[in-house]
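Examining the three-dimensional arrangement
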Amino acid sequence: MSGRVRLTLGAWAATLMAACALLPLVKPATWIVQVAFLLAVQAGVGAAARRVPLARPLTVAAQAMVTVLLLTFLFAREQALAGLVPGPDALDRFEVLLRQGGDDIARYAIPAPLESDGIRLMLIGGVLIIGLLVDTLAVTFRSAAPAGLPLLALYSVAAGLSDGGTDWLWFLVAAAGYLMLLLAEGRDRLSQWGRVFGGAPRTAGGEPSGAVAPVRTGRRIGVVALGIALVVPLGLPAMNGGLLDSVGAGAGGGTGGGGTISAVNPLVSLRDNLNVDEDRQVLSVKTKMADVSDLYLRIVSLDEFDGTTWKPARRSITAVPDGTFPTPIGLGSEVKRTEVDTTITAAGWYGQDWLPMPYPPSGVDIRGNWRYEPLGMTLVGDHGQNTRGLTYQVKSLDVQPTAEQLASAAPPPAAIVRDFTELPDSLPAVVARTARQVTADAANPYDQAVKLQDWFAVTGGFEYDTQVQVGSGSEGIARFLKDKQGFCVHFSFAMAAMARSLGIPARVAVGFAPGTPQADGSVSVGLRDAHAWPELYFEGVGWTRFEPTPNRGSMPPYTLPESPGSSLPDVVRPSETSSAAPSPTPSTSESCTPVQRKLDGGCASESPQAALPTGDDGPKWYAILAWALAGLAVLALPLAPMLWRRRTRAVRLGAHGRSDADAVPHTLAVWQELTDTAWDFGIAPDESQTPRKAAARIVRLGSLDTTAAASVHRVANAVEQVLYAPQPRPTPGLTDDVRRAAASLSAGAGRGTRLRAVLAPRSTVRVVWAASAWWSGVRERALALRPTWRKASGQQAGLTGRGGLGRAELMRRPKPPVSDSGRSGLVRAPGRPRCVCPGLAGDASGFPSPPGEHAPEDGGGLAGKPSPGLPP
């Protein structure tokens, strides 16, 4: 086994062994078999490219291209061209899967299910990228030590997410793989110095009984290093607390004191669930509230707006308070309130990290590891805790402010205004302008809020539509205000942004709208009840709910006029699951079929995490043209060898001059075509033979008939004539002779050999060799032009008339040209590979050496005469 093959296998094994650290994170572990096969294909492509040989960048590019094709075939086959070539639809599919994978990672506890295509893409794609980096560094560039960095990155990701007790085992496996790679490289480097004598005794058969000494020593050092790495940390003090504690301890750091939660969107789990055809029950609620139409279950508030979406801010969390929760921020004693007991049971499949509760909660009785965020009054699971199958009791306040109390509210505190009225600079000016127009005759912030709600829900002409195009961009809200179509995400996002532009503190709450009452007195909350709504702050009342979305939830009583002739709808507006007046367009969950979801990567959902519409109207014509040209180029790439070979054959055998001066280039071109044709059919050229012997070899190995054999010998005789005759003369009929010989070679070859000779001819490797020779020549010329400063020796100084002075003289000299000798004494130009044309001294491009580069008269090659030039 060659050193390069051993390195390739070592890189493949090291990547696979490091990837084993990911096994505890995903279940089932069958993905590792698929990854092993894909890594083998990737490594095989690299080995084939290096054997050609291709330049290093081309080798890496070939492996990267094959990796992309493999991932496209696995994950975006239906959106790709011919099931392999990625186009715009395939890239969109990858984007959807990566976003889904990120959501699923935040959604699922370890081990995550492998059924998620997003997680599977991130898993397999990530390992293949690491494998490409390792193979590039260790094999292509022959630097195995730096290849440990991507392997370390792969292991670190797995170690950072795993919380099991077998981390040491996966470290041992990954480290062993890296040591194997280092040993393979060391053995390859050592073998380049010659035969290694290790002193190992030989068996009776003459074979060494064990590994040579350097290999045994390397293995021993590796074992000792692994042992030290495993044992020494056991005697070191543990590192607890500090800067990393709040990051590594789950949602909240420490054991009950403080910590933080990052701005991770908490409702990613609902995005996929909302797209199911069946409205599955998420929560079963039993409450003592008299009117369940106002029973909103709030999960979390989104209080940061970056111009494209709302998200929860990074907040400090504490232990869940014992007994009664603190009074909500801003709620005064004069506002009427009633404490309500509610029992909530989560479905066994519903694993939400944030606890759904009525707002504002005043107490929670729940088991498990939960943490409390005081500002939003929410509970978040700690160390993988979620709601799956839990039953818990919540005490909450049914706050009942009056319109007068809201209208006469005092200005909010400066801290509230600062944190909850901030808007990004990218927000279009039309948002604030529209808000001022809608609320032009409002007397106070409460009137402004009610007018915004009524404009969205009743008078503005907006339609509730879950099939509206969803995207992202700074023009998203402006487009929604113009098109007036969307679902709860768009309505709540837009109203909160407009309220902030008016100076009213606002945020977006996400959770569930009131569910459907059941015969046993409980309320069933389903997937389609997922909802988002704005909350506005009024001093003395606190955070107050508004409902701008048509046909969803219920308008709060404090926003409805008391006059009997009002045109506003009734206070109770049932949710989607029990709506008596359906929306003008069907909802996504009702119209989305499994086939559409499979093809399109999911339908638009009523998820509070969906982004706002974008102003992009689709791809531009030049983008489509560019993708079309790229697709044609990818499709034409496999045909490039065949097309180049046909073109070369046509030039060599085409029309030519009739004069004696044209005899030499035409005859040599015909001979080159004959030897390349034999090469395409498996008869490799032998540069050590004369044309006459090379012709006899082609006839013998190709099993040519009498007529074709005579044609081959006539071409060889013509070559000798133009090279040795004092006055070369053209020989007629050489083109027909080559065609007869090619036909005979094809007739005697098998079907597979004929197909390869047409589709993937071996002689096309001359293109790569010619490019390599050209680049080497460019480098040699560049180096020759660079000055070299050398100290003059005493003899050189004496020749210049300055000897005996004992003084160093700097002499500026250009580098001399490099001479390189090939086989059979053939002299090559600087940077040129050896000739592969039988009987002709020349370079790898198939052209004879330039005049002045002669072959010695040693019986191999054509000696005694400069080789004339050869047309391409």
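Located above this text is the structure these notes cover.
The structure reproduced in this document is the subject of the present report. Please read all numbers here as calculations on a predicted model, not as lab measurements.

This paragraph deals with the overall build of the protein chain. From N to C terminus, the protein chain includes 27 helices and 26 strands. In the protein chain, which comprises 872 residues, the share counted as buried stands at 45%.

Glancing now at the nonpolar core. If you look at the biggest cluster of nonpolar residues, it comprises 80 residues, and the most contacted ones within it are Leu-283, Leu-379, Phe-456, Leu-481 and Phe-512. For this core, the element with the most residues is helix α16 (residues 488–501), which contributes 10 residues. In this structure Leu-481 touches Val-431, Thr-434, Trp-455, Phe-456, Phe-462 and Met-498, once residues within four positions along its chain are discounted. Counting 48 residues, the second largest nonpolar core, distinct from the first, contains Ala-19, Leu-71, Phe-75 and Ala-184.

Another point: the sheet that holds strand β13 (residues 370–373). Across the sheet, which stays open at both edges, the three strands sit in the order β9-β13-β14 with antiparallel pairing between neighbours. The sheet terminates laterally at β9 (318–319) and β14 (378–381), the two strands that pair on one side only. Strand direction decides the pairing type here: β13 and β14, joined by four bridges, are antiparallel. Bridged to Glu-373 within β14 is Thr-378.

Moving on, we get to the sheet that holds strand β12 (residues 361–365). The strand order β12-β15-β10-β4-β20-β19 describes an open sheet built from six strands, whose pairing is antiparallel. The sheet is open, and its two borders are formed by β12 and β19 (516–517), each paired with just one other strand. Two strands pair when backbone bridges link them, and strand β10 (residues 336–346) and strand β15 (residues 391–400) are joined in this way by 10 bridges, in the antiparallel orientation. By the bridge assignment for β15, Val-340 is matched with Ser-396.

Bringing the packing of aromatic side chains into the picture now. The final tally for this structure, using the stated rule, is 18 aromatic pairs. An angle of 75° between the planes, with centres 6.0 Å apart, marks the rings of Trp-349 and Tyr-350 as edge-to-face. In textbook terms, an aromatic cluster arises when at least three aromatic residues are bridged by ring pairs, as seen for Trp-455, Phe-456, Phe-462, Phe-480 and Phe-491. The lysine or arginine in question, Arg-507, covers the ring of Trp-543, its NZ or CZ lying 4.1 Å from the ring centre. If you follow Arg-545 out to its NZ or CZ, it ends over the ring of Tyr-296, 3.9 Å from the centre.

Further remarks concern the pairing of strand β4 (residues 281–287). Of the pairings in the sheet, the one linking β4 to strand β20 (residues 523–526) comprises four bridges and is antiparallel in character. Bridging across to β20, Leu-283 finds its partner in Val-525. The sheet contact formed by β4 and β10 spans five bridges and is antiparallel. Residue pairing in the sheet places Leu-283 in a bridge with Ala-346 of β10.

Calculation rules
Residues numbered from 1 in each chain as written. Predicted model: local features only at pLDDT ≥ 70, side-chain atom pairs only at ≥ 80, totals over all residues. Heavy atoms only, no water. Helix = DSSP H or I, 4+ residues; strand = E, 2+ residues; numbered from the N terminus. Buried < 20%, exposed > 50% of the residue type's maximum accessible area, 1.4 Å probe, protein only. Core = buried A, V, L, I, M, F, W, Y, C linked by side-chain atoms within 4.5 Å. Contact = heavy atoms within 4.5 Å. Pairing = 2+ DSSP bridges. Phe/Tyr/Trp six-rings, centres within 6.5 Å; stacked < 30°, edge-to-face > 60°. Lys NZ or Arg CZ within 6 Å of the ring centre and 35° of its normal.

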